[in-house]
Amino acid sequence: MGPRIVVTGIGAVTPVGTGREEVWSALLAGRSGFSPVETFDTSRYPVHVGAEVRGFDPARHLRRLAPEELGRASQLAVAAGRLALADAGLDTGGLDTAGLDTDGLDPERCGVAMGTTSGEPQIVERFDDRVAADELDRVDGEFMDRYPSQLIAANLAAETGFAGPVTMIPTACAAGNYAVAHAFDVLRAGRADLMLAGGADCFSRITYTGFARLGAIAPDRCRPFDRNRQGMIPGEGAAVLVLETAERAEARGARVWAEIASYGLTCDAHHMTAAHPEGDGAARAMEEALAAGGLGPDDVSYVSAHGTGTPTNDRLEAAAVRRVFGERRVPVSSIKSMIGHTMGAASAIEAAVCALAVTDDRVPPTANFEEPDPECDLDCVPNEAREMPVEVAMNNAYAFGGNNASVIFRKWRP
Amino acid sequence: MRPAVAVTGLGVVTPLGDTPGALHEALCRGERAVAPIERFAVDGLGSTLGAEIGGFDPARYLGAGRNFRPLDRNGLLTAAAAELALADGGWDAERREGAPVGLVLGTMFGSVHTISAFDVRALQAGPNYVKPLDFANSVINAPAGQSAIWHGLRGVNTTIAGGPAAGLQALAYAADRIAAGRADAVLAGGSDELCFESFLGFARTGRAAGTSGREARPVPFDARRDGFALGEGAALLVLESVDSARRRGARTLAALAGHGAAFDPSRGRDAATAARAVERAVRAALDDAGIEPAELAFASLSADGSVDGDLAEARGVAAALGAAAAELPVAAIKSMLGEPLGAGGALQAVAAVGTFGDGRLPGVAGLEETDPELPLGGVGAATREVRRGPALLTALDFDGNARAVVLVPGEGPAG
């Protein structure tokens, strides 16, 4: 079935911190990143809270590309990629060149797979402002030179000098898991030696407008699985994992955070924005991932939930988890309770959480949890991080289009 | 060499026809769909040329009396191509129930028209006055998601973002899923629509034909080419495991024997690294397929009239082919179909299957004076006869993504 694939680097830019250590400690501490939206004026909206990344300075991370030539999602992605490479011991910190210590790696055998929901929405929003103001003559080449979503992956590859397979997967809010799964396949098939895989989205007026119109945004905070949950909090961020074959990681003496065991991808084929009423596709994705990894539900120590905090998602997700895990109350938590819903970045950040959980034997809580909901009868690790043996962690993500993705991480045992 | 993946069905909706046969005939006649845009005003944009699908009627493909409102134009183009491909491949609803079919779609935008119109309405009327249906279609994976709903496609559903290379990426992604035993059948290809927003956007980059101040000439490899004419369409192939095709006695039109990928970190700014990326992608694909350059019967490039891109792609292909580059017949279909972005790579594949069928390879219609720097000998305006044998498909995307796929002719009904 091909070589074993491991995670050797983690980089993230999130509303609760930047970099692996800062993000992980914030999540274990249950810290939230919600505040009034600053990206655009929300005075005409019924809701006003978001989870934005504050004080982000791309110039601190970028070495080869000029920050002003990149859309914000690309900036977040490239920053996360740089952090991930440094975490993997592959970044020398040099300022004049790509600054990579390739450690015997051939850049032509290194690739990128990234996910996103909206690509570079702030670029099209600038165009839309021109349309609304009847100023089309002021639209310049920047619109098409910076808008297409594939640029997120392309910019990360250009920044790092990676010249292998580069793929952009815009499968909405499950996109990070799709990218990790694809990178896993590329490595297993021997089409690359190392992959950067993750997801990125920047704060988007379009996304905020849409979820506000659907009544899906909570007024203050996100409370997944709570009986009184009122919705999600849209956010922004990026996470990138360094994936490579175990053989190569061992040869270069790399620290391994986790092994990727398997994944499952399915489609509800039911509704664009609503999940299947019995959580069918979600359950099939978990089952497919378990079967592909030669695992059973009892092998799973922890589930990182999609857990958006909308009334419907959490109820259906709980049903899907029960269908797969039966009576066993596997710990299930949602970090969206702290960082909001970072869209295409969400499952990439959650993938980082799973990789850290199997290393650390700790899992982050579902914050803001007050009152259990009988319709979400889960052990959702309420409010306090938990120390527990984590042998296997399953990362679940669901998306518009009925896309479902489960990726399974396993404690690294050479 | 990996196990080949069978092509058992084709579906296309293009400006030059909505069956693979009609498309092949039009391409071999040198018919050009590139003409002044009719669907929206293009005054003052410099660029006026595009390849539109005139009078697209979803009811013709998806059934009269159905409610098409939840889908936007790209969603409908994609769902229509999916219907045609599933019917052509014999994957009816009952068969899909037994074995979930996946969909892997390359697209550059989903619909930048839908996305922009949604946002503009919120700006002008207020955020409470946008339509939830439009929000559903504002995600880039909406055409794939909508098509999955329409046809009950419960297998993998992946959208791959890209322009000229996205279709080949989708074919490669789907082929690897099948080769890994994760699916019996996957619809793979791409789609994009021609809309005002993308048309204006490309016109302002100066990469669209007619915007450089010279005479508009969106003709691949022509010495006086000045850019591409935007096109539109959807093309999907049924990719299927050889076992599954054999089990059900399906007709095999072709097989995907190998693919390769490489990236140009200069993102097209350095002609040498761009060509090098194409060269590496081609070498990887030939190696994956276990085929030598001399065994190829023809090649089909993504060249669309782009001043730098066409030459970089040709140089990369020539470098990978070595001596074979002097003679190998080469097709480039975009002087006829325009640049259909996400649909482009899949249309190259469908056109190649047409050539497998009757041996005719379309010429580059409109080619008058071949670029003297072109390192490929087999480029000409006339349609010609080629040997029945493996086809090399290549694409170089605007962002530096280079892809190659090797298709080999099928053998009629699978034994």
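Nothing here was measured: the structure is a model prediction, and the numbers come from that model.

K.L.:
Looking at this model, I keep getting lost on the overall build of chain A. Mind explaining?
P.N.:
Helix and strand content of chain A: 12 helices and 15 strands. For 414 residues, the compact-globule estimate of 2.2 N^0.38 gives 22 Å, and the C-alpha radius of gyration of chain A, at 20 Å, lies within 12% of that figure. Along the three orthogonal principal directions, the C-alpha set of chain A runs to about 60 × 55 × 40 Å. Here chain A holds 414 residues, and the buried ones make up 66% of them.

K.L.:
What should I look at first to understand the interface of chain A and chain B in this one?
P.N.:
As a measure of interface size, the accessible area lost when the parts come together is often cited. Taken residue by residue, the interface counts 59 residues in chain A and 57 residues in chain B. When residues of the side of chain A that touches chain B are traced back to their parent elements, those giving at least two are α3 (121-132), α4 (142-146), α5 (151-160), β6 (166-169), α6 (175-188), α7 (205-213) and β9 (258-267) of chain A. In terms of residue class, the side of chain A that touches chain B is built from 32 nonpolar, 18 polar and 9 charged.

K.L.:
Got a minute to help me understand the packing of helix α5 (residues 112-125) of chain B against helix α9 (residues 196-205) of chain B in this structure?
P.N.:
Each pair of packed helices can be described by the angle between their axes along with the distance between the axes. Residues and elements named next belong to chain B. The N-to-C vectors of α5 and α9 enclose an angle of 100 degrees; their axes lie 7 Å apart at closest approach. The orientation of α5 with respect to α9, classified from their angle, is roughly perpendicular. Touching V112, H113 and S116 of α5 are F196, E197 and S198, all from α9. Looking at side-chain class alone, the contact of α5 with α9 contains 2 nonpolar, 3 polar and 1 charged residues.

K.L.:
I keep staring at the nonpolar core and nothing clicks. Help me out?
P.N.:
Where a protein is soluble and globular, its nonpolar side chains tend to be buried together. Judged by nonpolar contacts, the single largest core of 311 residues is most densely connected at A80, L241 and A355 of chain A together with L171, V186, L237 and L239 of chain B. By residue number, the principal contributor to this core is helix α12 (residues 346-360) of chain A, which donates 11 residues. Excluding its chain neighbours within four sequence positions, the residues that come into contact with L237 of chain B are V7, G9, L10, A85, L171, A188, G189, A346, A349 and V350 of chain B.

K.L.:
Please explain helix α10 (residues 311-325) of chain A as it appears in this structure.
P.N.:
Working note: α-helix, 3.6 residues per turn, so residues spaced by three or four point in the same direction. Residues and elements named next belong to chain A. With 15 residues, α10 ought to run about 21 Å at 1.5 Å a step, and its terminal C-alpha atoms sit 21 Å apart, in line with that. Turning to α10, the residues buried within the fold contact α9 (280-292), β10 (302-304) and β11 (332-333). Two residues or fewer past α10, G326 is found with a positive phi of approximately 65 degrees.

K.L.:
I'm lost on the environment of A272 of chain B in this one. Help?
P.N.:
All names here are of chain B. With respect to the helices, strands and loops of the structure, A272 is situated in helix α11 (residues 271-289). The class for A272 is exposed, based on 12 C-beta atoms found within 10 Å. C-alpha of A272 to C-alpha of G316: the two residues are 44 residues apart in sequence and 8.8 Å apart in space.

The rules we used
- Residues numbered from 1 in each chain as written.
- Chains lettered and ligands numbered in written order.
- Predicted model: local features only at pLDDT ≥ 70, side-chain atom pairs only at ≥ 80, totals over all residues.
- Helix = DSSP H or I, 4+ residues; strand = E, 2+ residues; numbered from the N terminus.
- Rg over C-alpha atoms; globule rule 2.2 N^0.38 Å.
- Buried ≥ 20, exposed ≤ 12 C-beta atoms within 10 Å, placed from the backbone.
- Contact = placed C-beta atoms within 7 Å.
- Nonpolar A, V, L, I, M, F, W, Y, C, P; charged D, E, K, R; others polar.
- Axes fitted to C-alpha atoms, helices over the stretch in contact; angles between N-to-C directions.
- Parallel < 35°, antiparallel > 145°, perpendicular 65-115°, else oblique.
- Core = buried A, V, L, I, M, F, W, Y, C linked by C-beta atoms within 7 Å.
- Expected span 1.5 Å × (residues − 1).

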